[in-house]
Amino acid sequence: MLNIMPLPAGRQPGDPGIPDFGLIGTILDELHCDELIERLNDYRWTGRPGYAPEVMWRATLVRYLLRLRYTRDLIAQLKASRLLRRVCGLREAVPHEGTFSRFYARLAEHQDLVDAAIAQLAERVGEEIERLRGDGALPDDAPEPGRMVALDSSDVEAWGNGKGKTKADAEAKWGHRTAKLAVEGKELFYGYKLHAICDAYHGTPLSWEVRPANKNDSPELPGLMDQLKDNHPNLPVRYVMGDRGYDALSNFQYLDRQKILAVIDVRDTNKNGLYTAQGQPRCISGQAMEYVRTDRGKGHLFRCPDGGCQLKGDKPWLGKNCENEHYEGWDGDLLRRVGRLPRASKRWKRLYKRRTIVERMFGSLKRSRLLDQHCYLGINKVRLHIGVSLLTYTATMLGRLLEDDYAGMREMKVEMPVANWTARAA
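Notes on the structure follow. (Residues numbered from 1 in each chain as written. Predicted model: local features only at pLDDT ≥ 70, side-chain atom pairs only at ≥ 80, totals over all residues. Heavy atoms only, no water.)

### Observations concerning the sheet that holds strand β9 (residues 299-303)
Ordered in space as β8-β9-β10, the three strands form an open sheet in which the pairing is antiparallel. Taken across any chain shown, the strands that pair with only one partner, and hence form the sheet edges, are β8 (290-295) and β10 (325-328). Across this sheet, the average inter-strand angle for adjacent strands is 25 degrees, counted without regard to direction. (Pairing = 2+ DSSP bridges. Helix = DSSP H or I, 4+ residues; strand = E, 2+ residues; numbered from the N terminus. Axes fitted to C-alpha atoms, helices over the stretch in contact; angles between N-to-C directions.)

Put into structure tokens, the structure is as follows:
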């Protein structure tokens, strides 16, 4: 192929006279997907020799790494920076905008390989975290990767609006999202939703799917968890955190069959006045009982608060203090209302606070990896856009870890390449 700049024979990055392009070079080297490049090379080329698939792949990744919204912005940067061309494998000539468009359309036919690359990078991230744990570089309370995970969805607006009889993107739908300019409430948007599960401590994306915006969050949980188990069968998932959007008895039962504790907020627990919003049973006075402990075979032990309830002294047979105790099981709907891990416990509350990491991941993807900035029509191309966004996000985490920067592993800012020459060639 033309227009690719290989290293001199027998030379490797880091050798004297060979430039080391820093973090962006490390990331692009880790994103060399052999099977994908081989698949793209299988196409029969006609006419003049084109740009090598590896060159186009690296340039496409650079657009996301440097947060260049439009292809024309990427082309301008490639023309302006010789080092950027070199890190992509280009000589002086730069591909035309139409060349990138055709490459992207061809890449969309191999989304399975992009998905596989994201899963492989997540595995690599886990391995590097364990390596750093062995070196004593992790906090003492850091759990092993995948022990607790969080899931949520995020809006991805379609390119063009959904008004009028002729819609720009016919596969997008109207859906609800949290209002951006209000403390509470919902607003409508036209587009898609990214549903994702990530590690609730380290923040690594573990499984994901894209649906039209009118699809509810709750039915997506089993599919995302099945995908997680297929992609990462060795992860010791113990806790799943989710907001009220995943409140469904079927989800609690699904996780319970998998021996996974659901840390999911629920609605309507105060029905009939028998339980509080935190899943605590009420005593005969109507006062919330306090969680004490869980006994295997009996259930969760709840007790009236210290000092008794409001009935003490009013009813002689209760004595001075009401010492009523009650065991609450988790059969049927109680699995959801009270929880196998009781929602009234401090442990549940501590774990639920970890759920927000998935929201921070979405925010980082939007700010630094173009998640909500695209110009593609149809769910197939939008899904590829989201996949490349996740791929470069995970690869940046890996690049930071390879530099032993665990504290900054979720820092997504990547600078333009600057060649650091170890030594001049003799």
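From this point, the narrative continues.
### What about the nonpolar core?
In this structure, W57 and I386 are the most contacted members of the largest nonpolar core, which totals 90 residues. For this core, the element with the highest residue contribution is helix α13 (residues 379-402), accounting for eleven residues. If we skip the residues at most four places from it in the chain, W57 touches L31, C33, L36, I37, F103, L107 and L391. Judged by nonpolar contacts, the second largest core, of 21 residues, contains V149, M225, V237 and V266. (Core = buried A, V, L, I, M, F, W, Y, C linked by side-chain atoms within 4.5 Å. Buried < 20%, exposed > 50% of the residue type's maximum accessible area, 1.4 Å probe, protein only. Contact = heavy atoms within 4.5 Å.)

### Quick word on helix α8 (residues 220-231)
The terminal C-alpha atoms of α8 lie 17 Å apart, and with twelve residues this matches the ideal 16 Å at 1.5 Å per residue to within 8%. Turning to α8, the residues buried within the fold contact β2 (148-157), β4 (186-199), β5 (205-212), β6 (239-242), α9 (249-257) and β7 (261-264). (Expected span 1.5 Å × (residues − 1).)

### Topic: the environment of E123
With respect to the helices, strands and loops of the structure, E123 is situated in helix α7 (residues 111-134). Taking the C-alpha atoms as reference, E123 lies 9.9 Å from N234; in sequence the two are 111 residues apart. Among all residues touching E123, those that are not within four sequence positions of it are N231 and H232.

### Concerning the packing of helix α2 (residues 34-41) against helix α3 (residues 53-65)
Two packed helices can be described by the angle between their axes and the distance between those axes. α3 packs onto α2 with a crossing angle of 125 degrees between their chain directions and a minimal axis gap of 9 Å. In this view, α2 runs oblique relative to α3, as classed from their interaxial angle. Handedness of the crossing formed by α2 with α3: right-handed. Residues L36, I37, L40 and N41 of α2 touch α3, and the partners they reach there are P53, E54 and W57. Taken together, the residues of the contact of α2 with α3 break down into five nonpolar, one polar and one charged. (Parallel < 35°, antiparallel > 145°, perpendicular 65-115°, else oblique. Left-handed = near helix turned anticlockwise from the far one by under 90°. Nonpolar A, V, L, I, M, F, W, Y, C, P; charged D, E, K, R; others polar.)

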